[in-house]
Amino acid sequence: MKKQTLTIARWIGVLVLYTLLSFLLMEILGRNGVYPTGSDTYYHIYRGDYLYHSILEEGNWYPLINQDWYNGVELLRYWAPLTAYAMAFFQYLAGGDLFLGYLFFCGVVFFFGGISWSFIGQKIHRFWMGTFIGILWFFIPNNLCALFIEGNLARSLSMIFLPVFVMYLYRYLEEKRVTDFMGITISFVLMILCHLGYAGMLALATLLFLGIYCVSMKEYVAGVRAVLAILFGFLLTGVWLLPSLGGGIVSMDASETMKLFFQQLSISLNPFIRLTDNRDTFFYFGLSLFLLAVFGAFLSTKNNRPAFWVAIVLVLLSTKTMYGVVCALPGSGYLWMLRFFSIAICFVLYSFLNWRQLKKRFLVLFCVLIVADCIPSGYLVYGNQSEKQPEERLDELWEYSFLEKAQEMTVQRLALIDESSLGATGAFLTTAWRDGVKSSFGAGWEAAVTSSNISQLNRAVSGGNLTYLFDRCKEMGNDSVVVKLSSLSKHCTVQQLDEEAAASGYELVDANNDYRFYHLEDVTGTFGIITQYHAIGIGTGNHSFALGFPGMEETADPYLDHYSFEELSQYDMIYLAGIAYEDTAVAEDLVTRLSEAGVRIVISADGVPEDRESKAQSFLGVVCNTITFSQGYPLLETIDGELDTDLFPDGHREWETKYVDGLDEIWGRVADESYDIPFFGTVKNDNIIFVGLNLSYYWGLTGDEGVEKLLERAIDMSSRALPERKLVPLTITEDSRGMVIESDYDNVNTTRSFHEIFDTEDSISEKNHMLIVQKGTTTIRYYLRGWEKGAMVSAIALVLWILYLGYLRKRAGFVKKTEEEKQMALQERSVAGEQ
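As the structure is a computational prediction, the values presented were derived from the model and not from experiment. All residue numbers here refer to positions counted from 1 along the written sequence of the relevant chain. Only residues with pLDDT of at least 70 are given local features in this predicted model, and only at 80 or more are side-chain atom pairs given and counted; all residues enter the totals for whole chains, interfaces and linings. Excluded from the side-chain calculations are hydrogens and water; all other atoms, namely the structure's heavy atoms, are used.

S.K.: Could you give an account of the pairing of strand E4 (residues 515–520), naming the residues involved and the relevant values?
M.R.: Taken across its six residues, E4 has six buried, putting it largely inside the fold. Of the two faces of E4, the one lined by Tyr 515, Phe 517 and His 519 and the one lined by Arg 516, Tyr 518 and Leu 520 are each fully buried. In this analysis, strands are considered paired if DSSP registers two or more bridges between them. The numbering of helices and of strands both runs from the N terminus, where a helix is a DSSP run of H or I of at least 4 residues and a strand a run of E of at least 2. In terms of strand pairing, strand E2 (residues 480–484) meets E4 through five bridges, oriented antiparallel. Among the inter-strand pairings, Ser 480 is bridged to a residue of E4, identified as His 519. For strand E3 (residues 506–511) and E4, the ladder comprises five bridges, and the chain directions are antiparallel. By the bridge assignment, Glu 507 is partnered in E4 with His 519. Relative accessibility decides the category of a residue: with a 1.4 Å probe and only protein chains considered, values under 20% of the type maximum give buried, values over 50% give exposed, and everything between is partly exposed.

If you want it as structure tokens, here you go:
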């Protein structure tokens, strides 16, 4: 009884301590003059605010689509929903105050993160040590980075459940209790609902840990059951998880993003970089924690060593030298290794806490080192203590960037072109601050149907393709465009920016040293767009080429034989780059018939597929052969005269490309003392043209005027040519259940993104991710496909989980009974021997 009273008293004291520290943390953050910081913080604030108003005003607890960002985005489908509900709840507690709700969030993450470690400390009979780590957990540099630099509130929320998961995992392997098996599954479900990607990383790190633990401890059956507990976690979330696998994040190519999550070991373990100006541009694991991991890997007890080794391996895999190795692994596009740091740190701290045999002097030493390691990251919490409030700072930026004026003038949609330099703050200012308006941009772009459109716009502004930039802004329904000048290519001038804006019908409204605001003339109400392209691109390379030649329509399907003659014969020119086809004969026949019908076909030799039989890259009898140039092209002899090009840009000094054999008429050749090879010409007739040497990519990198003229000759179209676009009035009525669109014209781009949740009996289609409707009334209902199957998966998983728990409980009882019988038999033998 006395022991129970003492336990209750300890918990009351710790709860009071955590409560006081949580409010102190909120007070410091509220006065730090910079909160809320983090590149993605305003994404989570906005999502919580949207859900908060959706629940209060419409009673809709799961809004399917938000029309404010990305021409329409499914905010809760592709990003795990728990953080959004948490932010909405905290905003409710704050009386609707966005920023007080954010402070509540930070306080709760600290409070419950600490409670998790105290709970672990109690379980392993080191309550006060667990409480010490619980207080420190929030301030671990990598955890502060996630919350205040990345602004990844979802990952920060999962830090509450991560330590509990590790504890239950360890306890199940050691004690094999059914309750610990349950704990693994439940804590993993909560991790999934916080951040699916991070839960996946945790699952991979756990597999690594189990591999080391099971081999060293020879606990194979328990290890397999632990994996099964994690699988149950995935299956139990099927009602949300299954619909989320229908596109969005799952369908994107994450390999480019992956490269950003590797860095040198000297950076990951350097505590002094946080004292420099670039302190916010890297991930810091913690020198003290790494030293502890190495110390524990060799000197701790046998059961604790696997966790220390896992941390060491994960840190080493995050180095740039290991990038090639990680890339070779299955699913490597999602192995963002620097994101594993908090998982590795959690394993280290748990084993540190569980290392009961560690001598007190070493325990104190490492505690002091870890605390000292956290101190330089304190600036993320205390800021500049100016007490300047978020409203004041946002208003200043809102006015200076012309977003205030743009919101007043915008009729349909506003595009802020800044290459995401403002992070999610720019999207928040555009759509949610003061009199917010709809935008083609947003935050959390991976979940957007129009993510490739947005990527193209960012490539256009950074690459100087300003003609493309304004034309595609118009295609996406933006009657207002604000451009941040620092995002422009260094080769572009403000005069060029104004000229290209005017070419698409935008006039300059206002400007300062950093921003220029343009508005589309003669827009008075909601509009759609009817577009006529005279050229079309097919293949993986068509998007890059369209940046330089915006008069060309872009396509998503690279398979040439998926298109019909009737469909393609409507165009004057077809550009083929990086194409594929299921049947070579069908593809060649299609191209031949189109050329004979007067359609110009331009084929990039560098993107011709390999023939299945001959293993050569050939098409229409033209063979594309490999050649490599160093530093630059030799002198090019073309139909228009000699062409002396610029050198290859840095990073491309060795240029592997293709020349062509089998042309009927040669329009260009490389001729010098070493060789005489054709790279440009026609086959079969003058309408089928092959272009080699990867000239389009070279031009995209260098902007070489001579190559530009050569490409213009090939496609018979100017690089400044634009598609014909006509703005037409639309009437759109919408609510949380769907929308009704009324049009007086056929083939109208509504400038709304097309989603698979659209359910209608009327005629709709998709082009470049935009919703196309026909003349008349189109009624669309929102319907989340796949949720019924997901609910069934969750229900079946729940039944199987409960049955398996029953099996484990029964199995545990049987094992216990068997052990007792063995003990009794031994005792009986012992007594018989004595007699």
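Now, onward.
S.K.: Hey, could you go over helix H9 (residues 178–194) for me, with residue numbers and the actual values?
M.R.: For a helix, the expected span equals 1.5 Å multiplied by the residue count minus one. Look at H9: 25 Å from first C-alpha to last across 17 residues, which is about the 24 Å you get at 1.5 Å a residue. Burial within H9 is extensive, with 12 of its 17 residues counted as buried.

S.K.: Summarise the packing of helix H15 (residues 287–299) against helix H19 (residues 360–374); cite the residues concerned and give the values.
M.R.: Interaxial distance between H15 and H19 falls to 8 Å at its minimum, and their mutual angle equals 150 degrees. One finds that H15 runs roughly antiparallel with respect to H19. Where H15 approaches H19, its residues Leu 287, Ser 288, Leu 289, Leu 291, Leu 292 and Phe 295 are matched on the opposing element by Phe 362, Phe 366, Leu 369, Ile 370 and Asp 373. In this classification, Asp, Glu, Lys and Arg are treated as charged, Ala, Val, Leu, Ile, Met, Phe, Trp, Tyr, Cys and Pro as nonpolar, and every other residue, Gly included, as polar. Residue composition of the contact of H15 with H19, grouped by class: nine nonpolar, one polar and one charged. Helix axes are fitted to C-alpha atoms over the stretch in contact, other axes to C-alpha atoms as well, and angles between N-to-C directions run from 0 to 180 degrees. For classification, angles of less than 35 degrees are called roughly parallel, those exceeding 145 degrees roughly antiparallel, those between 65 and 115 degrees roughly perpendicular, and all remaining angles oblique. Here, two residues are considered to be in contact whenever any of their heavy atoms come within 4.5 Å of each other.

S.K.: So what about the side chain of Thr 750? Which residues, and what values?
M.R.: Of note, Thr 750 is situated in strand E20 (residues 748–753). According to the relative accessible area criterion, Thr 750 is buried, its value standing at 1%. With near-sequence residues (within four places) excluded, Thr 750 lies in contact with Phe 527, Leu 730, Ile 741, Leu 771 and Val 773.

S.K.: Break down the sheet that holds E3 for me, with residues and values.
M.R.: Spatially, four strands are ordered E1-E2-E4-E3 in an open sheet, and the strand pairing comes out mixed. Of all strands in the sheet, those with a lone pairing partner are strand E1 (414–417) and E3, marking the two edges. When strand polarity is set aside, the average angle formed by the axes of neighbouring strands in this sheet is 20 degrees.

S.K.: So what about the pattern of salt bridges? Which residues, and what values?
M.R.: Pairing of side chains with opposite charge becomes possible as their charged atoms draw close. Note on definitions: salt bridges are taken to be side-chain nitrogens of Lys or Arg within 4 Å of carboxyl oxygens of Asp or Glu. Counted under the stated rule, the structure contains 29 salt bridges. Between Asp 589 and Arg 593 there is a salt bridge, with the nearest N and O atoms lying 3.2 Å from each other. Separated by four residues within a single helix, Asp 589 and Arg 593 lie in helix H29 (residues 584–596), roughly one turn from each other. Asp 589 gets classed as partly exposed once you look at its relative accessible area, which sits at 40%. On the basis of relative accessibility, which here comes to 37%, the residue Arg 593 falls in the partly exposed class. The shortest N-O distance in the salt bridge between Arg 781 and Asp 759 comes to 3.1 Å. Here Arg 781 is found in strand E24 (residues 776–782), whereas its partner Asp 759 is found in strand E21 (residues 758–759), with 22 residues between them in sequence. Since its relative accessible area comes to 27%, Asp 759 is described here as partly exposed. Each of Asp 471, Arg 472, Glu 475, Glu 554 and Arg 725 takes part in one network of salt bridges that share partners.

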